[in-house]
Amino acid sequence: MTDLRIRAATADDLDTVLAFWKTAAEGTSISDDRDGVERLVARDPEALVLAELDGELVGTVIAGFDGWRCHLYRLAVHPERRRRGIGSALLAAAEERFVRLGGRRGDAMVLQRNETAQHAWGAAGYAPEEQWRRWVKHLTD
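Keep in mind that what you see is a predicted model, and the values were worked out from it rather than measured.

Draft legend 1. Summary view of helix α3 (residues 86-101). The end-to-end C-alpha distance of α3 is 23 Å, a good match for the 22 Å that 16 residues give at a rise of 1.5 Å each. Turning to α3, its buried residues are Ile86, Leu90, Leu91, Ala94, Arg97 and Phe98. Down the axis, α3 shows its buried residues gathered within 130° of arc, on one side only. Turned more than 90 degrees away from the buried face of α3, the exposed residues are Ser88, Glu96, Val99 and Arg100.

As structure tokens, this is what we get:
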């Protein structure tokens, strides 16, 4: 996939990214709005990574690093473009970023019901840690 371009998102990309997630991402998040994604890009301009093919958005991943842990969110590839190496290219870019920043381990949030994602993460070398449970408290309504 030599024409694949991997790059950080800019403010001009955010509406396109939000629309893309409605087609390509599983589930929704309280942060899946313009304000949430704007805050992400303003705080960490390299965290939202895009994959483009011939100028079309075909994949995303959020590679967030808080100085201690490396977190992966919203790995999404357009349904018609899957199984062509786009997800692998996005993960490679995210992992390279983490190493450059001093990260030592990446973790991903994956919905239990999303079997396709479970297989993709496993194929990429990630494994669930069953001893952990995610605890959540919404801070806003």
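Don't stop here, the text continues.
Draft legend 2. Fine view of the sheet that holds strand β1 (residues 4-8). With respect to topology, five strands assemble into an open sheet ordered β1-β2-β3-β4-β5, the strand pairing being mixed. Sheet topology places β1 and β5 (106-108) at the edges, where each strand pairs with a single neighbour. Adjacent strand axes in the sheet meet at a mean angle of 25°, parallel and antiparallel pairs treated alike. Here six bridges tie strand β2 (residues 48-53) to strand β3 (residues 56-65), and the two strands are oriented antiparallel to one another. In the strand pairing of β3, Ala51 is matched with Gly59. The strands that helix α1 (residues 14-24) touches are β2, β3 and β4 (70-77); relative to β3, the one it contacts most, it runs at about 100°.

Draft legend 3. View of the pattern of salt bridges. On inspection of all chains with the given rule, the structure shows eleven salt bridges. Salt-bridge contacts for Glu26 lead to Arg113; the nearest nitrogen and oxygen are separated by 3.3 Å. Taken together, the residues Glu26 in the loop between α1 and α2 (34-43) and Arg113 in the loop between β5 and α4 (115-123) connect sequence positions 87 residues apart. The exposure class assigned to Glu26 is partly exposed, which follows from its relative accessible area of 37%. Of the charged contacts in the structure, one is a salt bridge between Arg97 and Glu46, with a shortest N-O distance of 3.7 Å. Of this pair, Arg97 sits in helix α3 while Glu46 sits in the loop between α2 and β2, placing them 51 residues apart in sequence. The exposure class of Glu46 is partly exposed, given its relative accessible area of 40%. Overlapping salt bridges, with partners in common, bring together Arg5, Arg7, Asp13 and Glu52 in one network.

Draft legend 4. Region of interest: the packing of aromatic side chains. Tallied over the full model, the rule gives one aromatic pair. Pairing Trp121 with Tyr126 gives two aromatic rings, centres 5.0 Å apart and planes at 85°, and the pair type is edge-to-face. Take Trp121 and Tyr126: they sit in the same class, and that class is buried. The ring of Trp68 has Arg69 sitting right over it, with the charged end atom 4.0 Å from the ring centre. A cation sits over an aromatic face here: Arg74 above Trp21, 5.4 Å from the ring centre.

Cut-offs used in this document
- Residues numbered from 1 in each chain as written.
- Predicted model: local features only at pLDDT ≥ 70, side-chain atom pairs only at ≥ 80, totals over all residues.
- Heavy atoms only, no water.
- Helix = DSSP H or I, 4+ residues; strand = E, 2+ residues; numbered from the N terminus.
- Expected span 1.5 Å × (residues − 1).
- Buried < 20%, exposed > 50% of the residue type's maximum accessible area, 1.4 Å probe, protein only.
- Arc of directions from axis to C-beta.
- Pairing = 2+ DSSP bridges.
- Axes fitted to C-alpha atoms, helices over the stretch in contact; angles between N-to-C directions.
- Contact = heavy atoms within 4.5 Å.
- Salt bridge = Lys/Arg side-chain N within 4 Å of Asp/Glu carboxyl O.
- Phe/Tyr/Trp six-rings, centres within 6.5 Å; stacked < 30°, edge-to-face > 60°.
- Lys NZ or Arg CZ within 6 Å of the ring centre and 35° of its normal.

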